[in-house]
Amino acid sequence: MAFREYNVGSICFGIALAGSMMITIFFPTGDISNIPATEISLDKQLTYGYESGFNYWDPFLNGKNKPLKVTLTKDPVTGQPMDKTVAYVFKPGVKFPNGIYKPRILGHGPKELSERLGRISAADDSKGAVFVIKHGTYKGKETPYIENVTATKGWQPEKVLATAGDANTSYAGAGKTMFIREGCWWCHTLLPEETQDWQTFGRPPMTGDFNGESPTAFGSDRKAPDLLHVGSRNSSREWMMLHFFNPRLVQPHSIMPRYNYLWGKTDAHGNPIDLAKWSKEYQEFYEGKRIYPPEVPDYRPDSEIRYLIDFVLNLK
Amino acid sequence: MIKYLFAKEEDIPQGSAAIFFAFSSIVWFIVGTGLGSFNAAKLAFPDWFTNSYMFQFGHMRQVHVMTVIFGWIAMAFAASMMYITPALGNTKLWSEKLGVWNCLLWNVGLALGLATLWSGMTSGREYSDFIWPIDLYIAAFIAVPWSLNVWATIVNRRTQGIYTTNWFFAACVFMTIIVFLIGNLPEFFHLTGLNEGYMTWWFAHNILGLLITPVAAAITYYMIPKITGNPLYSHRVGHLHFWSIVVFYSTPAAHHLMSSPLPEWLKSFASVEGVLILVPAIAYVCNILLTMQGKWTMFVENVEIKFTMTGVFLAIPLNMQGGFHQTRAINWYIHGTGWIVAHAHLALLGFSTFAEAAAVYYGIQVLLRRKLYSLSLANFHFWMLLIGFSLYWTSMTIAGLIQGAGKVYEVPYIDVVIAEHPYMIVRWLGGTMVFLGNIVWLYNMYMTARAGEVVPEGRLPHEVAYQR
């Protein structure tokens, strides 16, 4: 072995590299893994599902195999009115988030309560399930946990979706996939900074706010406003629609790209969408030859732009 | 090159792998900077070339980044290693055939990776955007054969010691495999949450810190003594550089996430380790500058030295920024702004690119035994790169300071966008200059291979470069 005169060096190299791996991987990930999940991270993983980036169930990032977030005002079993309740519906075959498959990533507290009171171990992704977030007490502290209401109350996915109706159903899970695929996170961070962003962009995330989310995609290069709490600042669906079709319609100085192709081929009324014609008319408006810009078409309820708008409005 | 894929090892001319890699890297450099210029134009003129899924900024940004890192930077490294490693070991490359295959598989894999990425298939993780099958491909068919060739060449060397450059080459290709496999664990095993976020930046930091910066430095450790004829100023300082890279550069991954909710101890640790990056940085730059003693005229006269030393000079502001801007006192102002974009381009388009361009210029001449076709075009390329880069860096640094002020003084974000607009245009102009310069470079290197004057036996191209 021609490296024998470098024995000492090779050993030192091994020790140095192993040491740095120990400090930069083993200790931090162990530390992070012990942080209990907050209510925010329970909500995020139940909204976004198993994986928003490339995965076996949605390889082309079309927003398939994602849960739906519904707001209920009636009990889906009895039909009686009840307090507004947010439920996360996983149709049969939809993958559960990591926290259901591996409850230990929920951390001490949420894990025990979700298993004992929430019966999440009884959930079966081939049959589908409905979850809600509840609060219990763990070692004297108020602790959020996930409840599998399919097991505890017999709520079935189809029944819950029918009770809520399309208007109260959010495709924020599929929308997160759009957010990843369309590269929104190259400019819009999801990370108000701890030092100075409180006033403008709101509360920065805490360590436990990410458990079970993948990818976190909170961004590094901010060329546009932070979006973590954008739904609290602007909840207008119509504004979002105009802004996504051409941001210059509502913000003349914006440098955001147009996302008009997310409308698909036809609008909500079945009319074909002609982007070239729209652009030409918009150019005429821009040059002062028209008084009003061309109309922005209504989107279909199953279009990709609906997913994305639902995602953005869900960022409270 | 294709005919060598199935040729016998002894029938393949020495340097084939390096030449294949060198020309591939130049082509990818043109593609990468072209994409960069296109992206910059979209930030400056958002209503230009619109309505299309494929040419959306969000689909193209990562394609630019991955093309320049894995197409240009890493392939030019491979080109350099394929001829510098054997030269320093006074031997032949262990396997030219493996090298040629490696280059072919690299081109195929990269094209595949970029195509999937461009079509929207992404892991959603910055710098590890490739989907995990592509990551595995890169580890198995790009990094491992590359590493194997470099290691086996060093093992089969016919010199007693191992020169500084080869320590770096051997260590860095090895660490690249490790970084690739560990950094992508979140995708392989579906690790989620803040661990995924942290591992993303662990990968990003280490691919830069354990591959790109040290290999670029290692190339200059070869180029400067080889071309000037001066021996390296100090091997001891070289030792200091090498060991402090291994110990200090592999640890501050968390400094990319100073304003995120990572454990505070980790951020403090990364911040301190980040300052210690100045140890290898200062050792390295001093060593090279002192090696140049008495030969500074070559900085003006010799195009390879001009490129190499420009890279070394750019390493000074690079490391001064890198050493300090993860400290909490500075980071809060510039984090997430264009300042960081400027810094990343200072590392890749400044320091590394200039060092590697020198190695590619020199390698093609030495291996083909032909003089550079046109020195004027080479100088034109140099100035296009340098002026283009300087415009880019200056405009993005200013834009970053504007963004920093905007976020600290809570200016409505749109006013920041308006204030940045002129700098976005300058950035696009700078990037376009780099792109155009590279097209000239490809032409010059192609003509060198076809029509360059033959270098007489026993002479080196740079010795006869000015005998017109």
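None of these values were measured; they are calculated from a predicted model. (Residues numbered from 1 in each chain as written. Chains lettered and ligands numbered in written order. Predicted model: local features only at pLDDT ≥ 70, side-chain atom pairs only at ≥ 80, totals over all residues. Heavy atoms only, no water.)

### A short note on the overall build of chain A
Looking only at helices and strands, chain A features twelve helices and five strands. With respect to the principal axes defined by its C-alpha atoms, chain A has extents near 80 × 65 × 40 Å. Within chain A, buried positions represent 56% of all 316 residues. Sequence-distant contacts, at least 24 apart, represent 68% of the contacts inside chain A between residues at least 6 apart. Accessible surface, chain A: about 14000 Å² in total, of which carbon and sulfur atoms supply 57%. Of the side chains in chain A, 37 bear a positive and 35 a negative charge, and the two mean positions are spaced by 3 Å. (Helix = DSSP H or I, 4+ residues; strand = E, 2+ residues; numbered from the N terminus. Buried < 20%, exposed > 50% of the residue type's maximum accessible area, 1.4 Å probe, protein only. Contact = heavy atoms within 4.5 Å. Areas by Shrake-Rupley, 256 points an atom, 1.4 Å probe, with all protein chains shown as cover. Lys, Arg positive; Asp, Glu negative; His and termini not counted. Charge placed at Lys NZ, Arg CZ, Asp CG, Glu CD.)

### Topic: the domain arrangement of chain A
All names here are of chain A. For chain A, the assigned domains read domain 1 (39-170) and domain 2 (179-314). The centre of domain 1, based on its C-alpha atoms, is set 27 Å off from the matching centre of domain 2. Opposite the 19 residues of domain 1 that make contact, domain 2 presents 18 residues. Summed over both partners, the interface of domain 1 with domain 2 comes to about 1500 Å²; 44% of that surface belongs to carbon and sulfur atoms. Here domain 1 is connected to domain 2 by two salt bridges. There are eleven residue pairs in polar contact (both at pLDDT 80 or more) connecting domain 1 and domain 2. (Domains from an automatic or database assignment. Buried area = accessible area lost by both parts, 1.4 Å probe. Salt bridge = Lys/Arg side-chain N within 4 Å of Asp/Glu carboxyl O. Polar contact = N/O pair within 3.5 Å; in protein donor to acceptor, adjacent residues only side chain to side chain.)

### Regarding the pairing of strand S2 (residues 81-90) of chain A
Across a regular strand the side chains alternate sides, sitting on one face of the sheet and then on the other. All names here are of chain A. Relative to S2, strand S1 (residues 68-74) runs antiparallel, the two sharing six bridges. By the bridge assignment for S2, Lys-74 is matched with Pro-81. Between S1 and S2, which pair antiparallel in sequence order, lie six residues; one of them, Gly-79, sits at a positive phi of approximately 80°. Where S2 meets strand S3 (residues 129-138), three bridges bridge the pair, whose relative direction is antiparallel. Looking across to S3, one finds that Val-89 is bridged to Val-130. (Pairing = 2+ DSSP bridges.)

### With respect to the interface of chain A and chain B
Each partner contributes residues to the interface: chain A has 81 residues there, and chain B has 80 residues. Each partner contributes to the roughly 6800 Å² buried at the junction of chain A and chain B, and carbon and sulfur atoms together form 64% of this total. Inspection of the region where chain A meets chain B yields five salt bridges. Between Lys407(B) and Glu193(A) there is a salt bridge whose closest N-O contact spans 2.8 Å. The interface formed by chain A and chain B contains 33 residue pairs in polar contact (both at pLDDT 80 or more). Those elements that provide at least two residues to the side of chain A that touches chain B are helix H1 (7-33), helix H7 (172-181), helix H8 (198-201) and helix H11 (275-286) of chain A. For the side of chain A that touches chain B, a count of residues per class yields 42 nonpolar, 24 polar and 15 charged. (Nonpolar A, V, L, I, M, F, W, Y, C, P; charged D, E, K, R; others polar.)

### Some remarks on unusual backbone geometry
Note the cis peptide between Ser214(A) and Pro215(A), where omega equals -15°. The phi dihedral of Lys139(A) is positive, around 50°, even though this residue is not glycine. Tracing the backbone shows Lys139(A) in the loop between S3 and strand S4 (141-148). Of note in this structure, Asn90(B) is not a glycine but carries a positive phi near 55°. The topology assignment puts Asn90(B) in the loop between helix H2 (57-88) and helix H3 (96-118). Residue classification places Asn90(B) among the partly exposed residues on the basis of a relative accessible area of 44%.

### Overview of the sheet that holds S2(A)
All names here are of chain A. Taken in spatial order, the five strands make up an open sheet running S4-S3-S2-S1-S5, and their pairing is antiparallel. The sheet is open, and its two borders are formed by S4 and strand S5 (169-170), each paired with just one other strand. Its contacts with the sheet put helix H2 (residues 39-48) on S1, S2, S3 and S4, and the angle it makes with S3 is roughly 170°. (Axes fitted to C-alpha atoms, helices over the stretch in contact; angles between N-to-C directions.)

### Observations concerning the environment of Leu228(A)
Residues and elements named next belong to chain A. Relative to the helices and strands, Leu-228 is located in the loop between H8 and helix H9 (230-233). Among the residues examined, Leu-228 registers a relative accessible area of 15% and is labelled buried. In this structure the C-alpha to C-alpha distance between Leu-228 and Lys-64, which are 164 residues apart in sequence, comes to 23 Å. Ignoring anything within four residues of it in the chain, the contact list for Leu-228 reads Thr-189, Leu-190, Pro-192, Arg-203, Pro-205, Leu-315 and Lys-316.

### What to know about H7(A)
All names here are of chain A. The buried count for H7 comes to ten of ten residues, which makes it a mostly enclosed element. Considered for burial, the residues of H7 that qualify are Ala-172, Gly-173, Ala-174, Gly-175, Lys-176, Thr-177, Met-178, Phe-179, Ile-180 and Arg-181. Directly beyond the C-terminal end of H7, a positive phi value near 70° is found at Gly-183.

### A closer look at the environment of Leu105(B)
Residues and elements named next belong to chain B. By the secondary structure assignment, Leu-105 is in helix H3. The exposure class of Leu-105 is partly exposed, given its relative accessible area of 24%. Between the alpha carbons of Leu-105 and Ala-218 there is a distance of 25 Å; along the sequence they are 113 residues apart. Those residues in contact with Leu-105, other than ones at most four positions away along the chain, are Tyr-137 and Phe-141.

### Re a nonpolar patch on the surface
Residue and element names in this part refer to chain B. Side chains of Ile-282, Trp-296, Phe-313, Ile-316, Met-320, Phe-324 and Ile-330 sit close together on the surface and give an oily, nonpolar patch of about 560 Å² of accessible area. If one sorts the elements of the nonpolar patch by residue count, helix H12 (residues 303-324) sits on top with four residues. In this structure, Trp-296 sits in the loop between helix H10 (278-291) and helix H11 (297-301). (Patch = residues over 30% accessible without salt bridge, like charges linked within 9 Å, V, L, I, M, F, W, Y side chains within 5 Å.)

### Points about the packing of aromatic side chains
Inspection of every chain in the model, using the stated rule, returns 59 aromatic pairs over all chains. Judged by centre distance (5.6 Å) and plane angle (90°), the rings of Phe45(B) and Trp428(B) are edge-to-face. Of the two residues, Phe45(B) is situated in the loop between helix H1 (16-44) and H2 and Trp428(B) in helix H16 (residues 413-451); the sequence distance between them amounts to 383 residues. Classification of Phe45(B) by relative accessible area gives partly exposed; the value is 33%. Its relative accessible area of 26% is what places Trp428(B) among the partly exposed residues. Aromatic side chains Phe307(B) and Tyr361(B) sit 5.1 Å apart centroid to centroid with 35° between the ring planes, which places their arrangement in the tilted category. Of this pair, Phe307(B) sits in helix H12 while Tyr361(B) is found in helix H14 (residues 338-368), placing the two residues 54 residues apart along the sequence. Classification of Phe307(B) by relative accessible area gives buried; the value is 0%. In this structure Tyr361(B) comes out as buried when scored by relative accessible area, which is 0%. The structure contains a cluster of three or more aromatic residues connected by ring pairs, namely Phe13(A), Trp151(B), Trp167(B), Phe168(B), Phe174(B), Tyr221(B), Phe242(B), Trp243(B), Tyr284(B) and Phe351(B). Over the face of the ring belonging to Tyr50(A) we find Lys95(A), whose NZ or CZ atom lies 4.5 Å from the ring centre. (Phe/Tyr/Trp six-rings, centres within 6.5 Å; stacked < 30°, edge-to-face > 60°. Lys NZ or Arg CZ within 6 Å of the ring centre and 35° of its normal.)

### Examining the packing of H1(B) against H16(B)
Residue and element names in this part refer to chain B. Contact pair H1 / H16: the axes reach a minimum separation of 8 Å and the direction vectors enclose 160°. Classed by the angle they form, the pair H1 and H16 counts as roughly antiparallel. Here the hand of the crossing between H1 and H16 comes out left-handed. Taken together, the residues of the contact of H1 with H16 sort by class into 20 nonpolar, seven polar and one charged. (Parallel < 35°, antiparallel > 145°, perpendicular 65-115°, else oblique. Left-handed = near helix turned anticlockwise from the far one by under 90°.)

### Let's talk about the nonpolar core
In globular proteins that are soluble, nonpolar side chains generally tend to be buried together. The biggest cluster of nonpolar side chains holds 196 residues, and the ones touching the most others in it are Phe244(A) and Trp146(B). In this view, Phe244(A) contacts Met256(A), Arg258(A), Tyr259(A), Asn260(A), Trp263(A), Ile305(A), Leu308(A), Ile309(A) and Val312(A); residues no more than four positions away in its chain are not counted. Counting 15 residues, the second largest nonpolar core, distinct from the first, contains Leu42(A), Ile120(A), Ala123(A) and Phe131(A). (Core = buried A, V, L, I, M, F, W, Y, C linked by side-chain atoms within 4.5 Å.)

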